[in-house]
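# Coordinate analysis (summary)
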Amino acid sequence: MADVAAYALHEKDGGFVPTTIERRDVGPSDVRIAIAFAGICHSDIHTAREEWGSIHYPLVPGHEIAGIVEEVGPEVTSHRVGDRVGVGCMVNSCRECENCLAGEEQYCAKGNIGTYDAVDVDGTITRGGYATHVVVDEHFVLSIPDGIGLDVAAPLLCAGITMYSPLSHWGAGPGRRVAIVGLGGLGHVGVKIAAAMGAEVTILTRSDAKRADAERLGAHHFHATEDPAVLKGLRSTFDLIVNTVSAGIDTDRYLSLLRLNGTMVNVGISPEGYRARFGSLATNRRSLAGSGIGGIRQTQEMLDFCAAHGIGADIEVIPASKIDEAYDRVVASDVRYRFVIDAATM
Ligand code: NAP
Ligand code: ZN
């Protein structure tokens with residue numbers, strides 16, 4: 001066991017404070033990573049604020065981790081000391097079930113083990129990336145290609161794969177019209193990835209505030225949805241809509257925008273849930289779907305794709321002492337477009 005510096009929440013509404021946590025000794029197939037950056041995902045906020053249910057304290061969130069390999073166990077073959085690596089939302093799974101064997105560990109039949117606030121195989125509670133170091137089985141450690149900075153790569157480990165996976169699964173590409181709802185951490189990476197895949201990309205955001213960013217991110221169209229007439233004008237337009245909104249929205253308003261055989265995929269996990277009427281689906285043989293992060297193989301594919309297309313997140317780097325402030329700003333949609341904690345400030 002080794003003590004490492006971290007930022008933790010010790011009680012609801014208590015705020016993040018510097019602390020020390022234990023990391024396990026490096027096992028035969030483990031990699032010990034010196035964390036350089038950790039992104040702040042809205043899921044960290046839903047969790048910390050117990051919007052998804054009760055949690056284990058102290059909570060150390062963080063599942064967008066980028067850093068450098070410091071030590072490897074004797075059986076590790078895929079990473080070496082000094083390598084640039086990342087860890088996303090999972091640190092283990094059963095690796096035996098149908099889904100794990102298919103490379104979809106996120107859908108492990110026994111449930112994947114989340115990077116934080118999950119019960120690990122040894123019975124301990126996992127603690128995430130708001131820390132200086134983490135020890136993870138090599139299978140769940142990704143290689144970050146040269147050419148993407150560790151700071152802009154960190155958010156790809158959750159936001160990037162959460163968008164890449166459904167865009168890939170539902171065939172975003174040339175000739176396909178894709179709309180991304182909500183221009184936050186997930187949304188802005190999704191726009192970049194969908195455009196790089198060759199799709200015709202539309203941003204659906206609430207107001208005009210982010211219009212100037214649309215073109216730079218690679219979007220072909222931009223609409224502010226606060227005017228109800230805007231959505232009416234877009235009926236039966238899209239092949240694929242990816243909803244990244246962190247709050248409950250009226251799904252029916254968006255389902256009507258799908259053309260024949262179109263699919264709306266919810267990746268946002270609103271604590272309030274989403275409402276949809278069957279009639280909206282029956283028209284145009286529409287589908288309503290969900291998607292959760294992505295498997296390890298696909299996460300590596302996503303990182304390689306992003307490196308090849310020069311895609312990283314748009315970030316604002318903060319010291320760990322500003323985590324609480326950053327949470328409030330994310331909830332207020334006042335982030336362009338991802339906060340990343342500099343682990344050197346732990
Ligand atoms: P984020 O940066 O806060 O972005 C969410 C966006 O939703 C905001 O930028 C905003 O877009 C829109 N929004 C927020 N409140 C809204 C409201 N009341 N009404 C309408 N729109 C609203 O969050 P994120 O990190 O991208 O995460 C988004 C969601 O995805 C969260 O629920 C998170 O837990 C979930 N998530 C799911 C997965 C998965 O595997 N499925 C993975 C990661 C995250 P505009 O300002 O542009 O309107
Ligand atoms: Zn996340």
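Look up: the structure comes first, before these words.
For the structure given in this document, a descriptive report is provided here. (Residues numbered from 1 in each chain as written. Chains lettered and ligands numbered in written order. Predicted model: local features only at pLDDT ≥ 70, side-chain atom pairs only at ≥ 80, totals over all residues. Heavy atoms only, no water.)

With that out of the way, let us pick up the overall build of the protein chain. When you go through the protein chain residue by residue, the secondary structure sums to eleven helices and 17 strands. Taking 346 residues into account, the globule formula puts the C-alpha radius of gyration at 20 Å, and the protein chain, at 20 Å, falls close to it. For the protein chain, the C-alpha atoms occupy an extent of roughly 60 × 40 × 35 Å along the three principal directions. Residues counted as buried form 55% of the 346 residues belonging to the protein chain. A separation threshold of at least 6 residues defines the contact pool for the protein chain, and within that pool the share at least 24 residues apart is 67%. Per element, the accessible surface of the protein chain, about 14,100 Å² overall, is 49% carbon and sulfur. In the protein chain, 30 positive and 44 negative side-chain charges are present, and the distance between their average locations comes to 10 Å. (Helix = DSSP H or I, 4+ residues; strand = E, 2+ residues; numbered from the N terminus. Rg over C-alpha atoms; globule rule 2.2 N^0.38 Å. Buried < 20%, exposed > 50% of the residue type's maximum accessible area, 1.4 Å probe, protein only. Contact = heavy atoms within 4.5 Å. Areas by Shrake-Rupley, 256 points an atom, 1.4 Å probe, with all protein chains shown as cover. Lys, Arg positive; Asp, Glu negative; His and termini not counted. Charge placed at Lys NZ, Arg CZ, Asp CG, Glu CD.)

Before going further, it helps to examine the coordination of the zinc ion (ligand 2). Taken together, C41 (SG), H63 (NE2) and C158 (SG) make up the full set of protein donors to the zinc ion (ligand 2), lying 2.0 to 2.2 Å away. Expressed as a motif, the donor residue spacing for the zinc ion (ligand 2) is C-x21-H-x94-C. With H63 in the loop between α1 (42-48) and β4 (65-72) and C158 in the loop between α3 (150-153) and α4 (159-169), the pair connects residues that are 95 residues apart, well separated along the chain. For H63, a relative accessible area of 8% corresponds to the buried category. For C158, a relative accessible area of 4% translates into the label buried. (Donors = N, O, S within 2.8 Å, 3.2 Å for Na, K, Ca; no water.)

What follows is about the pairing of strand β10 (residues 177-181). The buried fraction of β10 is high, at four of five residues. For the crossover that starts at β10, traverses helix α5 (residues 185-196) and ends in the parallel strand β11 (residues 200-205), the hand is right-handed. By the bridge criterion, four bridges tie β10 to strand β13 (residues 238-243) in an arrangement that is parallel. Each bridged residue has a counterpart across the sheet, and for A179 the counterpart in β13 is I241. (Right-handed = clockwise from strand over helix to strand, strands pointing away. Pairing = 2+ DSSP bridges.)

On to the environment of K12, then. Checked against the element boundaries, K12 lands in the loop between β1 (2-9) and β2 (16-23). Residues K12 and G171, spaced 159 residues apart in sequence, show a C-alpha to C-alpha distance of 41 Å.

Let's shift gears to α5. The end-to-end C-alpha distance of α5, which contains twelve residues, comes to 17 Å, matching closely the 16 Å that a straight helix rising 1.5 Å per residue would cover. Considered for burial, the residues of α5 that qualify are G185, L186, G187, H188, V189, G190, V191, K192, I193 and A194. Buried residues belonging to α5 abut α4, β10, β11, α6 (211-217), α10 (296-308) and β17 (338-342). With its phi angle positive at about 100 degrees, G198 sits one or two positions after the end of α5. (Expected span 1.5 Å × (residues − 1).)

What follows is about the site of ligand 1. Taken together, 28 residues sit near ligand 1, with H42, L183, T205, I293 and R338 positioned nearest. At a separation of 2.8 Å, an oxygen atom of ligand 1 approaches a polar backbone atom of L183. Mapped by element, the contributors of at least two residues to the shell around ligand 1 are α1 and α5. For the shell around ligand 1, the element with the most residues is α1, which contributes three residues. When its residues are assigned to classes, the shell around ligand 1 shows eleven nonpolar, 14 polar and three charged. (Near = heavy atom within 4 Å. Polar contact = N/O pair within 3.5 Å; in protein donor to acceptor, adjacent residues only side chain to side chain. Nonpolar A, V, L, I, M, F, W, Y, C, P; charged D, E, K, R; others polar.)

Okay, the side chain of T126 next. With respect to the element layout, T126 can be found in the loop between β7 (113-114) and β8 (133-137). Polar side-chain contacts of T126 include one of 2.9 Å to the backbone oxygen of G114. A distance of 3.4 Å separates the side chain of T126 from the backbone nitrogen of Y116, its partner in a polar contact. Look past the residues within four positions of T126 in its chain and what remains in contact with it is V91, I113, G114, T115, Y116, D117, A118 and D120.

Along β8, five of the five residues are buried, which leaves the element largely enclosed by surrounding structure. Alternating positions in β8 separate into two faces, H133, V135 and D137 on one and V134 and V136 on the other, with burial throughout. Of the pairings in the sheet, the one linking strand β3 (residues 30-39) to β8 comprises five bridges and is antiparallel in character. Considered in β8, the bridge of V31 is made with V136.

On to the pattern of salt bridges. Scanning the entire structure with this criterion turns up 17 salt bridges. Where E70 meets R32, a salt bridge forms, and the shortest distance between an N and an O atom there is 2.9 Å. Of this pair, E70 sits in strand β4 while R32 sits in strand β3, and the two are 38 residues apart along the sequence. Under the relative-accessibility criterion, E70 is labelled partly exposed at 37%. Between D146 and R84 there is a salt bridge, and its shortest N-O distance comes to 3.5 Å. With D146 in the loop between β9 (142-143) and α3 and R84 in strand β5 (residues 84-87), the pair connects residues that are 62 residues apart, well separated along the chain. R84 sits in the partly exposed class, given a relative accessible area of 23%. (Salt bridge = Lys/Arg side-chain N within 4 Å of Asp/Glu carboxyl O.)

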